[in-house]
Amino acid sequence: MEDLSAEEFEVILDEALDQLPAGVTDELDNVALFVEDRPEDGNTHLLGLYDGTPVGERGNSGLELPDHIFLYRDNLIA
């Protein structure tokens, strides 16, 4: 595995997020992004995981908790 610090990974991630089209980033207004070293179960193939309510299943109350996207740093670097 390449030796990439957490700070270097964050810089690369920020650059990647900046390059997303506006239509995509507009949909991320109620999403929390988390970077973890690896999944809890040790899966080496899982790069990321979405945990939340699909847009089509959301209510109209506007009181939805944020969805979560987990990115697994070690797996992405490998």
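Our structure is the block above this text.
Reading guide: rules and limits
Residues numbered from 1 in each chain as written. Predicted model: local features only at pLDDT ≥ 70, side-chain atom pairs only at ≥ 80, totals over all residues. Heavy atoms only, no water. Helix = DSSP H or I, 4+ residues; strand = E, 2+ residues; numbered from the N terminus. Rg over C-alpha atoms; globule rule 2.2 N^0.38 Å. Buried < 20%, exposed > 50% of the residue type's maximum accessible area, 1.4 Å probe, protein only. Contact = heavy atoms within 4.5 Å. Areas by Shrake-Rupley, 256 points an atom, 1.4 Å probe, with all protein chains shown as cover.

**Brief notes about the overall build of the protein chain**
Within the protein chain one finds three helices and three strands. Each helix and strand of the protein chain, ordered N terminal to C terminal, gives the series α-α-β-β-β-α. Over its C-alpha trace the protein chain gives a radius of gyration of 14 Å, far above what one expects of a compact globule, namely 12 Å for 78 residues. Each principal axis of the C-alpha distribution contributes one length, and for the protein chain these read about 45 × 30 × 15 Å. Taking all 78 residues of the protein chain together, the buried fraction comes to 15%. Across the protein chain, contacts joining residues at least 24 apart in sequence account for 67% of those joining residues at least 6 apart. Surface accessibility of the protein chain: about 5900 Å² in total, with carbon and sulfur atoms responsible for 53%.

Purely spatial values, then, with no claim about function.
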